[in-house]
Amino acid sequence: MAQLIAVAVITVLAVISPGADFAMTVRNSYLYGRTAGVLAAVGIALGVLVHVTYTMLGVGLLVSRSPMLFTAMKLVGAAYLVYIGYKTFVAKSRVDVDLSDDAGLSKAGALRTGFLTNALNPKTMLFVLSTYTQVVSTDTPVVQQIGYGLFMSFAHLVWFGLAAVLFSQESLRARLLRRQAVLNKVIGTVLVGLGMVLALTPAVA
């Protein structure tokens, strides 16, 4: 029971803490609508399972013990955030409120941005690694470990799905789009800033 509570508390705190996943969800939701936002949330949840899978297979232990591998993974994730942030910051095309023509980001593109954001997110990697190496013991049944991973993924889906619904709400979205030039720069700056911080933070694996 104590282990279950610890995993739940750590997961909730990790999910609600501001990060690139939240910025990406907001970006997709207000720019491209609810479907794009929800699909980004689904991608984010699937990205969590990537970290859970390799951690359970033992690769996570190798990553946590190898500073060079950890740093390489961290830099790849940071570079992705900087790239997406830069593209958002310099975006000049104005997005319409009307989504009836299905213009904008494709469903596959929306899912991909969410997935890559968390699959390459050092913050998510550290969250999963630390939970499975510090809280979940080797005596924990595999089925229970899988359950913890699914819970982590589901918690991300619920939180970011709710964020997608909120920021794609018609009246709020219309107000945000009227200020999209400023918002693009703010979100772009946040993503670039997160990427730079992650890239410059010393490895702690």
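Values in this document were obtained by computation on a predicted structure and should not be read as measured data.

Quick look at the overall build of the protein now. Scanning the protein for helices and strands turns up 10 helices and 0 strands. Written out in order from the N terminus, the α and β elements of the protein read α-α-α-α-α-α-α-α-α-α. Residues classed as buried in the protein amount to 42% of the 205 residues present. For the protein, contacts bridging at least 24 residues in sequence account for 89% of all contacts bridging at least 6. Summed over all atoms, the accessible surface of the protein reaches about 10,500 Å², with 72% contributed by carbon and sulfur.

In this section: the packing of helix α3 (residues 34-56) against helix α6 (residues 107-119). Closest axis-to-axis distance for the α3/α6 pair is 6 Å, and the angle between their directions is 35°. Regarding α3 and α6, the two cross each other, and that crossing is right-handed. Across from Thr35, Ala36, Leu39, Ala40, Val42, Gly43, Ile44, Leu46, Gly47, Val48, Val50 and His51 in α3, the residues of α6 making contact are Lys107, Ala110, Leu111, Gly114, Phe115, Asn118 and Ala119. Here the contact of α3 with α6 is composed, by residue class, of 12 nonpolar, 6 polar and 1 charged.

Here we come to the packing of aromatic side chains. Counted according to the given criterion, the structure contains 1 aromatic pair. Note on Phe22 and Phe167: the rings are 6.0 Å apart at their centroids and 80° apart in plane angle, and the pair reads as edge-to-face. Here Phe22, found in helix α2 (residues 20-32), pairs with Phe167, found in helix α8 (residues 142-167); they are 145 residues apart in sequence, far enough to count as distant.

So, on to the packing of helix α7 (residues 122-135) against α8. Axis separation between α7 and α8 bottoms out at 12 Å; the angle between their running directions is 150°. Viewed along their axes, α7 and α8 adopt a mutual orientation that is roughly antiparallel. For the element pair α7 and α8, the recorded crossing hand is right-handed. Together, Phe127, Val128, Thr131 and Tyr132 of α7 and Gln145, Tyr148, Gly149, Met152 and His156 of α8 make up the contact between the two elements.

Moving on: the environment of Gly161. Following the sequence through the fold, Gly161 ends up in helix α8. For the pair formed by Gly161 and Val38, sequence separation is 123 residues and the distance between their alpha carbons is 5.2 Å. Setting aside residues up to four positions removed in sequence, Gly161 forms contacts with Ala41 and His156.

On the surface, a cluster of nonpolar side chains totalling about 790 Å² of accessible area is made up of Met1, Leu4, Ile5, Val9, Val12, Leu13, Ile16 and Trp159. At 6 residues, helix α1 (residues 2-16) tops the list of elements feeding residues into the nonpolar patch. Secondary-structure assignment places Leu13 in helix α1. Exposure remark for Leu13: the relative accessible area of 53% places this residue in the exposed category.

Rules and cut-offs
Chains are numbered independently. Their residues run from 1 in the order of the written sequence. Per-residue local features of the predicted model are confined to residues with pLDDT of at least 70, and side-chain atom pairs are confined, for both listing and counting, to 80 or more; whole-chain, interface and lining totals are unaffected and use all residues. Heavy atoms throughout the structure, all of them, feed into the side-chain values; hydrogens and water do not. Only DSSP runs of H or I reaching four residues or more are called helices, and only runs of E reaching two or more are called strands; each is numbered from the N terminus. A 1.4 Å probe rolled over the protein chains alone gives each residue an accessible area, and that area as a share of the maximum for its type sets the label: buried under 20%, exposed over 50%, partly exposed in between. By definition, residues are in contact when any of their heavy atoms lie within 4.5 Å. Only the protein chains shown count as cover for residues, with accessible areas throughout obtained via the Shrake-Rupley method and a probe of 1.4 Å. Helix axes are fitted only over the stretch in contact, all axes being lines through C-alpha atoms; the angle between N-to-C directions runs from 0 to 180 degrees. Here is the rule for handedness: rotate from the far helix to the near one, and if that takes an anticlockwise turn smaller than a right angle the crossing is left-handed, while a clockwise turn gives right-handed. Note on residue classes: Ala, Val, Leu, Ile, Met, Phe, Trp, Tyr, Cys and Pro are nonpolar, Asp, Glu, Lys and Arg are charged, and everything else, Gly too, is polar. A pair of aromatic rings is counted whenever rings of Phe, Tyr or Trp (Trp by its six-membered ring) have centres within 6.5 Å, and the orientation is called stacked for planes under 30 degrees apart, edge-to-face for over 60 and tilted otherwise. Roughly parallel refers to an angle under 35 degrees, roughly antiparallel to one over 145, roughly perpendicular to one between 65 and 115, and oblique to any angle outside these ranges. Patch criteria: residues need more than 30% relative accessible area and no salt bridge. Like-charged residues are merged within 9 Å; nonpolar side chains of Val, Leu, Ile, Met, Phe, Trp and Tyr are merged within 5 Å. Definition used for salt bridges: Asp or Glu carboxyl oxygen within 4 Å of a side-chain nitrogen of Lys or Arg.

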